[in-house]
Amino acid sequence: MVQSNQKLIFGNWKMNGSLEKWAQFSKTVFAQLNKNNIDLGRSVLFLPDLLLHQALQNNELLVGAQNHYFEDAGAFTGETSPELLSNIGIKYALIGHSERRHVFGESIEMISQKMKAAQRNSIKPVLCIGETLEQREANKVFDTLKNQLVSLTSQGAVGECIVAYEPVWAIGTGKVASLEQIEEVHQFLKENLKNELGVDVKLLYGGSVKPNNVKEILNIESVDGCLVGGASLTAESYLALFGL
Ligand code: PGA
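Everything quoted here is computed from the prediction, not taken from an experiment.

### Overview of the overall build of the protein
What the protein contains, in helices and strands, is 10 helices and 8 strands. Along the longest, intermediate and shortest principal axes, the C-alpha atoms of the protein span 45 × 45 × 30 Å. Across the 244 residues of the protein, 49% fall into the buried class. Nonlocal contacts in the protein, meaning residues at least 24 apart in sequence, comprise 71% of its contacts between residues at least 6 apart. When the accessible area of the protein is evaluated, it comes to approximately 11700 Å², of which 48% is carbon and sulfur surface. Here the protein contributes 22 positive and 27 negative side-chain charges, whose respective centroids are spaced 4 Å apart.

See the structure below:
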């Protein structure tokens, strides 16, 4: 069993930050993680595209993209190429984040193609799935998640993937899922993925994770780590997630 102080703590900056903020954040976080002998592999920061190149220059903290297109190149004005991300050295990307699904209308089919594109370009995808409040209230949590998992299972490219369970109603709302809800869903997902794919896929929880609730969430055995939005935006708060 993985100890809770060995688990992953990934940050999603969404459309926030600046060159100056990243410079300060990365310097402080890198120094503190090192000083406290925390494995740097536990941390990946998903940054806006325009910060990625800069972030790769000092080669200290791991960084990833928040999204990319499913084609490698071509007449797709304004899109981000997974091939180019890989070319500049990006090894992780969020795929199907709730905001991509709900604000930008990404379909399960499109997300499936993005999963394939990530893996084709040696980018490890973090597939984000989760139910809305309406789906939870209508008792459709497991059906919804099973449906969304098709983006992974239909690609069959396992091992190189992480799944993040992020209930839509808990993202950015301050309403964290209860420990029982997280445990119930994570167990369902672990079993489902094991049956479908025959391997253990790492499972993160995301949705209003903060320094004051991260410990109890990481203590759940089926939780391999957390994906954190708001509380990953300052060095102080991100380090507090590691207990520093
Ligand atoms: P939050 O965001 O921690 O601010 O709720 C989580 C996410 O969107 O990944």
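Now, onward.
### Things to note about the pairing of strand β4 (residues 92–95)
The alternating pattern of β4 places Tyr92 and Leu94 and Ala93 and Ile95 on opposite faces, both of which are buried. When β4 meets strand β5 (residues 124–129), the two strands line up parallel, connected through 4 bridges. Along β5, the bridge assignment pairs tyrosine 92 with lysine 124.

### Considering unusual backbone geometry
Despite not being glycine, serine 122 shows a phi value in the positive range, around 60°. Considering the arrangement of structural elements, one finds serine 122 in the loop between α5 (108–120) and β5. For serine 122, a relative accessible area of 59% translates into the label exposed. Despite not being glycine, asparagine 139 shows a phi value in the positive range, around 60°.

### Observations concerning the packing of aromatic side chains
The tally for this structure, following the rule as stated, stands at 11 aromatic pairs. Seen in terms of ring centroids, phenylalanine 10 and tyrosine 92 are 6.3 Å apart; in terms of plane orientation they differ by 75°. Their pairing is edge-to-face. Separated by 82 residues along the polypeptide, phenylalanine 10 in strand β1 (residues 8–12) and tyrosine 92 in strand β4 bring together distant segments of the chain. Each member of the pair phenylalanine 10 and tyrosine 92 is classed as buried. The rings of Trp13, Trp22, Phe25, Tyr238 and Phe242 are connected pair by pair, giving a single aromatic cluster. Over the aromatic face of phenylalanine 104 sits the side chain of arginine 100, whose NZ or CZ is 4.1 Å from the ring centroid.

### Brief notes about the site of the ligand
Residues in contact with the ligand amount to 13 residues; listed here are only the nearest, Lys14, His97, Glu166, Gly172 and Ser208. Contacts to the ligand include glycine 230, whose backbone N or O atom sits 2.9 Å from an oxygen atom. Expressed as a share of its isolated accessible area of 280 Å², the protein-covered part of the ligand is 97%. Of the residues belonging to the shell around the ligand, the class tally is 4 nonpolar, 7 polar and 2 charged.

### Focus: the nonpolar core
Counting 59 residues, the largest nonpolar core has Trp22, Phe25, Leu45, Leu47, Val63 and Leu189 as its most contacted members. It is helix α8 (residues 179–197) that provides the largest number of residues to this core, a total of 6 residues. In contact with leucine 47, other than residues within four places in its own chain, are Trp13, Trp22, Leu52, Ala55, Val63, Gly64, Ala65 and Gln66. With 12 residues, the next largest nonpolar core counts Leu8, Val44, Phe46 and Ala164 among its residues.

### Concerning helix α1 (residues 19–35)
The end-to-end C-alpha separation of α1 is 24 Å, in line with the 24 Å expected for 17 residues at 1.5 Å each. Of all the residues in α1, the buried ones are Trp22, Phe25, Ser26, Val29 and Leu33. Considered in projection along α1, the buried side chains sweep an arc of 100° and stay on one side of the axis. With respect to the buried face of α1, the exposed residues turned more than 90 degrees away are Glu20, Gln24, Lys27 and Lys35. On its buried face, α1 sits against β2 (44–47), α2 (49–57), β3 (62–65) and α10 (235–241). A positive backbone phi angle near 55° is found at asparagine 37, which sits one or two residues after α1.

### A look at the side chain of serine 232
Topologically, serine 232 is positioned in the loop between β8 (225–228) and α10. In this structure serine 232 comes out as buried when scored by relative accessible area, which is 0%. There is a polar contact of 3.5 Å between the side chain of serine 232 and the backbone nitrogen of asparagine 12. There is a polar contact of 3.2 Å between the side chain of serine 232 and the backbone oxygen of valine 228. For serine 232, the residues in contact, after removing those within four places along its chain, are Gly11, Asn12, Trp13, Phe25 and Tyr238.

### Some words on the environment of glutamate 83
When you line up the elements, glutamate 83 lands in helix α3 (residues 82–88). A C-alpha to C-alpha distance of 5.2 Å links glutamate 83 and aspartate 72, two positions 11 residues apart in sequence.

Analysis parameters
All chains use their own residue numbering, which begins from 1 and follows the written sequence. In view of the model being predicted, local features appear only for residues whose pLDDT reaches at least 70, and side-chain atom pairs are presented and counted only at 80 or more, with totals across whole chains, interfaces and linings using the full set of residues. Water and hydrogen atoms play no part in the side-chain values, which are based on all heavy atoms of the structure. Numbering of helices and strands runs from the N terminus, with a helix taken as a DSSP run of H or I at least four residues long and a strand as a DSSP run of E at least two residues long. Three exposure classes are used, based on accessible area relative to the maximum for each residue type with a 1.4 Å probe and protein chains only: buried under 20%, partly exposed in between, and exposed over 50%. Whether two residues are in contact is decided by their heavy atoms: any pair within 4.5 Å suffices. Working definition of accessibility: Shrake-Rupley area with a 1.4 Å probe, residue cover restricted to the visible protein chains. Counted as positive: Lys and Arg. Counted as negative: Asp and Glu, with His and the chain ends omitted from the count. Note on charges: their place is set at NZ of Lys, CZ of Arg, CG of Asp or CD of Glu. The pairing criterion is simple: DSSP has to find at least two bridges between the two strands. Pairing of aromatic rings covers Phe, Tyr and Trp, the last counted by its six-membered ring, and requires centre-to-centre distances within 6.5 Å; plane angles under 30 degrees mean stacked, over 60 mean edge-to-face, and any other angle means tilted. Remark: a charge is flagged as sitting over a ring if the NZ atom of Lys or the CZ atom of Arg is within 6 Å of the ring centre and within 35 degrees of the ring normal. For this purpose, a residue is taken to be near a molecule or strand whenever a single non-hydrogen atom of the residue falls within 4 Å of it. Whenever a nitrogen or oxygen atom comes within 3.5 Å of another N or O atom, the pair is scored as a polar contact, on the condition that within protein one atom can donate a hydrogen and the other can accept it, and that pairs from neighbouring residues in sequence are kept only if both atoms are in side chains. Gly falls in the polar group here, along with every residue not listed as nonpolar (Ala, Val, Leu, Ile, Met, Phe, Trp, Tyr, Cys, Pro) or charged (Asp, Glu, Lys, Arg). Each nonpolar core is a collection of buried residues, namely Ala, Val, Leu, Ile, Met, Phe, Trp, Tyr and Cys, held together in the definition by side-chain atoms within 4.5 Å. For a helix, the expected span equals 1.5 Å multiplied by the residue count minus one. Comment: arc refers to directions from the helix axis out to C-beta atoms.

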